[in-house]
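An overview of the molecular structure
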Amino acid sequence: MRKIILITGATSGIGKASAHIFAKNGYDVIITGRRNERLLELSKNLKSSYNVDVLSLCFDVKNKEKVKQSITSLTDKWKKIDVLLNNAGLAVGLDKIQNGKTEDWDAMIDTNVKGLLYVSHEIIPLFIENKKGHIINIGSTASKTVYEKGNVYCASKFAVDALSKAMRIDLLEFGIKVTQVSPGATETEFSEVRFKGNLDKAVNAYKGFKPLTANDIAPSIYHVANLPNNICINELEITPLAQANSTSIFKE
Ligand code: NDP
Ligand code: 8X3
């Protein structure tokens, strides 16, 4: 029987690259996100490229009821999930705290923290029932070091750091693995979303150094998910060569 991964935020960036690498290596894949057209296109590509089963579930992780309904409606085959990749997330705005917009704060906390919790809340009982499972939470270098104007995004990722550690402890008795993968600067749609569609600002974020791409991160996610049963990588921080942490990037 093939293994199954559920990926939140598979319509773009790190989630989409992860869907490809897991499917390429024979996983059946549950892809999720809000943009249904992208999900349908990805589903078609994965099926035709890798000959695996793909289930596409369109939902917003902020919507607790929709998350619950989507997971409880899974058939028995799809409930046998091996890996949950909690990847859906975003930064909205880059302002000093005194200039921050409460709607941006809500979007980040509701998606990055509460959304991750809502999805985990539905999947953890399946893992406990199946006596196996692996939760991989996408943190960030922003989970570790606060930077100027990063305030609420950093707070939301510090929460992912705390939750990853807490899940690891609480789920020990069930043999469920928990890993936080924390990327540094990675060129995806992340900056386009952060700067609300301002492409000049988005491109500028990566000027003067070579950022990572989603395809640089996905193999490490695949690696941590496919170790022998007795090994759990708790944390993995991956940055471009030019970046030491959130605040130290060497730009030419
Ligand atoms: P992208 O913007 O390319 O992808 C983000 C994904 O999250 C999309 O598939 C989007 O799908 C999904 N998403 C966002 N909000 C929601 C929501 N409310 N409900 C469901 N899905 C949602 O960015 P990345 O690939 O870079 O980001 C992936 C993760 O990596 C995020 O958690 C981000 O914080 C983290 N990260 C990114 C870094 C970077 O430099 N790029 C560095 C460190 C961490 P859709 O819009 O279709 O819903
Ligand atoms: C995304 C990377 O540096 O914009 O988590 O916070 S950063």
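Everything discussed here concerns the structure shown above.
The structure presented is a predicted model; accordingly, all values stated were derived computationally and were not measured.

Once that is clear, we can look at the side chain of Ser12. Summarising the element assignment, Ser12 is placed in the loop between strand E1 (4-7) and helix H1 (13-24). Looking at Ser12, its side chain comes within polar contact range of the side chain of Glu189, at 3.4 Å.

With 20 residues, helix H6 (residues 151-170) extends 28 Å from end C-alpha to end C-alpha; this agrees with the ideal 28 Å at 1.5 Å per step. Those residues of H6 hidden inside the fold are in contact with helix H5 (102-130), strand E5 (134-138), strand E6 (177-183), helix H7 (190-194) and strand E9 (235-238).

Glancing now at the site of ligand 1. In the region of ligand 1, 29 residues are neighbours, and Thr11, Ser12, Arg34, Tyr153 and Thr188 sit closest. Interatomic distance of 2.8 Å between a side-chain N/O atom of Asp60 and a nitrogen atom of ligand 1. Measuring from an oxygen atom of ligand 1, one finds a side-chain N or O atom of Thr188 at 2.6 Å. Those elements that provide at least two residues to the shell around ligand 1 are H1 and H6. Of the residues in the shell around ligand 1, the class split is 10 nonpolar, 13 polar and 6 charged.

Let us look at the site of ligand 2. The local shell around ligand 2 consists of Ser140, Ala142, Tyr147, Tyr153, Phe190 and Arg194. Taken by itself ligand 2 offers 250 Å² of open surface, and the protein chains cover 82% of this.

Counting 31 residues, the largest nonpolar core has Ile5, Phe22, Val29, Ile31, Ile136, Val181 and Ile221 as its most contacted members. Broken down by element, this core gets its largest block of residues, 7 residues, from helix H9 (residues 214-225). Excluding its chain neighbours within four sequence positions, the residues that come into contact with Ile136 are Val83, Leu84, Leu85, Asn86, Thr179, Val181, Ile221, Val224 and Ala225.

Calculation notes
Residues numbered from 1 in each chain as written. Chains lettered and ligands numbered in written order. Predicted model: local features only at pLDDT ≥ 70, side-chain atom pairs only at ≥ 80, totals over all residues. Heavy atoms only, no water. Helix = DSSP H or I, 4+ residues; strand = E, 2+ residues; numbered from the N terminus. Polar contact = N/O pair within 3.5 Å; in protein donor to acceptor, adjacent residues only side chain to side chain. Expected span 1.5 Å × (residues − 1). Contact = heavy atoms within 4.5 Å. Near = heavy atom within 4 Å. Nonpolar A, V, L, I, M, F, W, Y, C, P; charged D, E, K, R; others polar. Areas by Shrake-Rupley, 256 points an atom, 1.4 Å probe, with all protein chains shown as cover. Core = buried A, V, L, I, M, F, W, Y, C linked by side-chain atoms within 4.5 Å. Buried < 20%, exposed > 50% of the residue type's maximum accessible area, 1.4 Å probe, protein only.

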